[in-house]
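Examining the three-dimensional arrangement
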Amino acid sequence: MQRLKHTNNIPEIMPIAGSDPALGLQAAIELLSNAGYQQGEIFWITDGISNQQMKEVSDIFNDSMFRLSVLGVGTEEGAPIQLTNGELLKDSRGAIVVPKLTVNNLMSLSKSSGGRYAPMQADDSD
């Protein structure tokens, strides 16, 4: 497997910067539906979701027979992201990006869709 090259402060695994959970989760529902599944559970591993994105994701799951379960990664205090070249990830204004785990938002989304929320743990309890 070939890794994407690092350019313009974008982490190497992602081709573009940004976050659009609604688009990704809608694609997951469509893929499952196209494969013949009419209901099921989608597992999302994330550090959070903004308040602005909450309604859109909630609406997607309110209109489907799929549940959203979330594995929360990170801490509520947040931490900077170190790139492979040793620099810290920065936004378009040059400020260091410090993603923070949004536990309440993630718990609310998973609960409203009938799914579960668990914080990532170092042992097998998650």
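In what follows, the accompanying structure is described. (Residues numbered from 1 in each chain as written. Predicted model: local features only at pLDDT ≥ 70, side-chain atom pairs only at ≥ 80, totals over all residues. Heavy atoms only, no water.)

1. Here's the deal with the overall build of the protein
Going by this rule: Only runs of H or I of at least four residues qualify as helices and only runs of E of at least two qualify as strands under DSSP, and these elements are numbered from the N terminus. For every residue, the accessible area obtained with a 1.4 Å probe (protein chains only) is divided by the maximum for its type, and the residue is called buried under 20%, exposed over 50%, and partly exposed between those limits. Here, two residues are considered to be in contact whenever any of their heavy atoms come within 4.5 Å of each other. We get accessible surface area from the Shrake-Rupley algorithm with a probe of 1.4 Å; when it comes to residues, only the shown protein chains can shield them.
Check the secondary structure of the protein and you find three helices and three strands. Counting helices and strands in the order they occur from the N terminus, the protein gives α-β-α-β-α-β. Relative to its full complement of 126 residues, the protein shows a buried share of 29%. Considering only contacts within the protein whose residues lie at least 6 apart along the sequence, 68% involve residues at least 24 apart. Accessible surface, the protein: about 8900 Å² in total, of which carbon and sulfur atoms supply 53%.

2. Thoughts on helix 1 (residues 21–34)
Stated formally: Helix span, as expected, comes to 1.5 Å for every residue beyond the first. Here, the arc refers to the directions that run from the helix axis to the C-beta atoms.
Here helix 1 is 14 residues long and its end C-alpha atoms lie 20 Å apart, about the 20 Å a rise of 1.5 Å per residue gives. Within helix 1, burial applies to Pro21, Ala22, Leu25 and Ile29. Along the axis of helix 1, the buried positions cluster into a sector of 100°, meaning they face one direction only. Exposed residues pointing more than 90 degrees away from the buried face of helix 1 are listed as Leu23, Leu31 and Asn34. Lining the buried residues of helix 1 we find strand 1 (40–46), helix 2 (51–62) and strand 2 (66–72). Two residues or fewer past helix 1, Gly36 is found with a positive phi of approximately 100°.

3. Concerning the environment of Leu32
For Leu32, the location among the structural elements is in helix 1. For Leu32, a relative accessible area of 27% puts it in the partly exposed group. Taking C-alpha positions, Leu32 is 9.3 Å from Ile42, a pair spaced 10 residues apart along the chain. If near-sequence neighbours (up to four positions away) are discounted, Leu32 is found in contact with Tyr37, Ile42 and Phe66.

4. A few points about the pattern of salt bridges
Where we set the bar: Here a salt bridge means any side-chain nitrogen of Lys or Arg lying within 4 Å of a carboxyl oxygen belonging to Asp or Glu.
If you walk through the whole model with that rule in mind, you get four salt bridges. Between Glu41 and Arg67 there is a salt bridge; the shortest N-O distance is 3.2 Å. Taken together, the residues Glu41 in strand 1 and Arg67 in strand 2 connect sequence positions 26 residues apart. Lys55 is the salt-bridge partner of Asp59, the closest N and O atoms lying 2.8 Å from each other. Taken as a pair, Asp59 and Lys55 lie in helix 2 at a separation of four residues, close to a single helical turn.

5. Re the nonpolar core
What counts is decided by this rule: Side-chain atoms within 4.5 Å link the members of a nonpolar core, which is a set of buried Ala, Val, Leu, Ile, Met, Phe, Trp, Tyr and Cys residues.
Formed by 18 residues in total, the largest nonpolar core has its most connected members in Trp44, Val57, Phe61 and Leu68. Elements that contribute at least two residues to this core include exactly helix 1, strand 1, helix 2, strand 2 and helix 3 (103–112). Sorting elements by how many residues they give to this core places helix 2 first, with four residues. Apart from the residues lying within four places of it in its own chain, the contact partners of Val57 are Pro21, Ala22, Leu25, Ile49, Leu68 and Leu109.

6. Concerning the side chain of Ser113
Which entries qualify depends on this criterion: We define a polar contact as two N or O atoms separated by no more than 3.5 Å, with the added condition that, inside protein, one atom must be a possible hydrogen donor and the other a possible acceptor, whereas residues neighbouring each other in sequence contribute only through side-chain atom pairs.
Secondary-structure assignment places Ser113 in the loop between helix 3 and strand 3 (117–119). The exposure class of Ser113 is buried, given its relative accessible area of 14%. A polar contact is formed between the side chain of Ser113 and the backbone oxygen of Ser110, at a distance of 3.2 Å.

The values reported here are purely geometric and, on their own, carry no functional implication.
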